[in-house]
Amino acid sequence: MIYLTRRETFAAAHRLFKDGLDDKENFELFGKCSNPNWHGHNYILEVMVSGTPDPATGFVIDLKKLKEIIQEHVISKVDHKNLNLDTDFMQGVIPTSENIVVAIWNQLKDNIPSGNLYSVKLYETENNYFEYRGE
Ligand code: NI
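Being a predicted model, the structure only gives us computed values, none of them experimental. All residue numbers refer to position in the chain's written sequence, counted from 1. A pLDDT threshold of at least 70 governs which residues receive local features in this predicted model, and a stricter bar of 80 or more applies before side-chain atom pairs are shown or counted, although totals over entire chains, interfaces and linings include all residues. Think of the side-chain values as coming from all heavy atoms in the structure, minus any hydrogens and water.

## Quick look at the overall build of the chain
Where we set the bar: Strands here mean DSSP runs of E at least two residues long; helices mean DSSP runs of H or I at least four residues long; both are numbered from the N terminus. In this scheme, a residue with accessible area under 20% of its type's maximum is buried, one over 50% is exposed, and one in between is partly exposed, where area comes from a 1.4 Å probe on protein chains only. Residue contacts are counted whenever heavy atoms from the two residues lie within 4.5 Å of one another. The method behind every accessible area is Shrake-Rupley, applied with a 1.4 Å probe, and residues are considered shielded solely by the protein chains displayed. Counted charges follow a simple rule, with Lys and Arg positive, Asp and Glu negative, and His plus the chain ends left uncounted. Here the site of a charge means atom NZ of a Lys, CZ of an Arg, CG of an Asp or CD of a Glu.
Broken down by element type, the chain carries three helices and five strands. Ordered by position from the N terminus, the helices and strands of the chain form the series β-α-β-α-β-α-β-β. Judged by the C-alpha coordinates and their principal axes, the chain covers about 60 × 25 × 25 Å. The burial tally for the chain puts 40% of its 135 residues in the buried class. The long-range share in the chain, meaning contacts at least 24 apart out of those at least 6 apart in sequence, stands at 64%. Of the roughly 7900 Å² of accessible surface on the chain, a fraction of 48% belongs to carbon and sulfur atoms. Of note, the chain has its 14 positive side-chain charges centred 3 Å away from the centre of its 20 negative side-chain charges.

As structure tokens, then:
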């Protein structure tokens, strides 16, 4: 079994808040990420696909194709966007990294043409990353 990873980066704005809480209560719950006037992160995304190489090509998945799939279904919807306002697959969800990584998994899971989507990792800062493997 081979595990291959494509790494992408994107910059996005967000705000963590719950309707019904005031700014002070949101700050107590979410800290600086609740700043009412938004803020950004430079996210790093790692998409890992597992599988055995196709004898005809030697590939588990064509990395050029994987790059295009991630671009179409994820990066084009998040890069230089506001995750709360602009990103269709984040509507109605508090854009924590936990929720973003699950949403990205769901964007990709039915669009991987060969091999199996194994994990999605999202780095929000250099000290924190969040990984989802579909369960
Ligand atoms: Ni934040």
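## Topic: the sheet that holds strand β1 (residues 2-14)
Note the following rule: In this analysis, strands are considered paired if DSSP registers two or more bridges between them. Helix axes are fitted only over the stretch in contact, all axes being lines through C-alpha atoms; the angle between N-to-C directions runs from 0 to 180 degrees.
Reading across the sheet, the five strands line up as β3-β1-β2-β4-β5 and stay open at both edges, with mixed pairing between neighbours. The sheet is open, and its two borders are formed by β3 (81-82) and β5 (128-132), each paired with just one other strand. Pairing of strand β2 (residues 39-51) with strand β4 (residues 116-125), which is carried by seven bridges, proceeds in the antiparallel orientation. From the neighbouring strand, Met48 faces β4, where its bridge partner is Ser119. Those strands touched by helix α2 (residues 63-78) are β1, β2 and β3, and its axis lies near 20° from that of β1. Against the sheet, helix α3 (residues 97-108) touches β2, β4 and β5, its axis set at about 150° to β4.

## Describing the coordination of the nickel ion
Here is the rule: Each metal's donors are the N, O and S atoms found within 2.8 Å of it, except that Na, K and Ca use a 3.2 Å limit; water is left out, so coordination can look incomplete. Metal sites are grouped by the angles between bound donors: all angles between 85 and 135 degrees with four donors is tetrahedral, opposite donors over 155 degrees apart with the others between 65 and 115 is square planar for four donors and octahedral for six, and any other pattern is irregular.
Coordination sphere of the nickel ion, protein contribution only: His14 (NE2), Cys33 (SG), His39 (NE2) and His41 (NE2), at 2.0 to 2.1 Å. One can describe the donor arrangement at the nickel ion as tetrahedral, given that its four donor atoms subtend angles of 93 to 126° at the metal. Within one chain, the residues serving as donors to the nickel ion are arranged as H-x18-C-x5-H-x1-H. Separated by 19 residues along the polypeptide, His14 in strand β1 and Cys33 in the loop between α1 (23-30) and β2 bring together distant segments of the chain. Pair check on accessibility: His14 and Cys33 agree, each one buried.

## Some points on the pattern of salt bridges
Note the following rule: A pair is scored as a salt bridge if a Lys or Arg side-chain nitrogen falls within 4 Å of a carboxyl oxygen belonging to Asp or Glu.
All told, the structure shown has five salt bridges when counted by the stated rule. Residue Asp23 pairs with Arg15 through a salt bridge whose shortest N-O separation is 3.2 Å. The exposure class of Asp23 is partly exposed, given its relative accessible area of 46%. Asp88 is paired through a salt bridge with Lys77; the nearest N and O atoms lie 2.8 Å apart.

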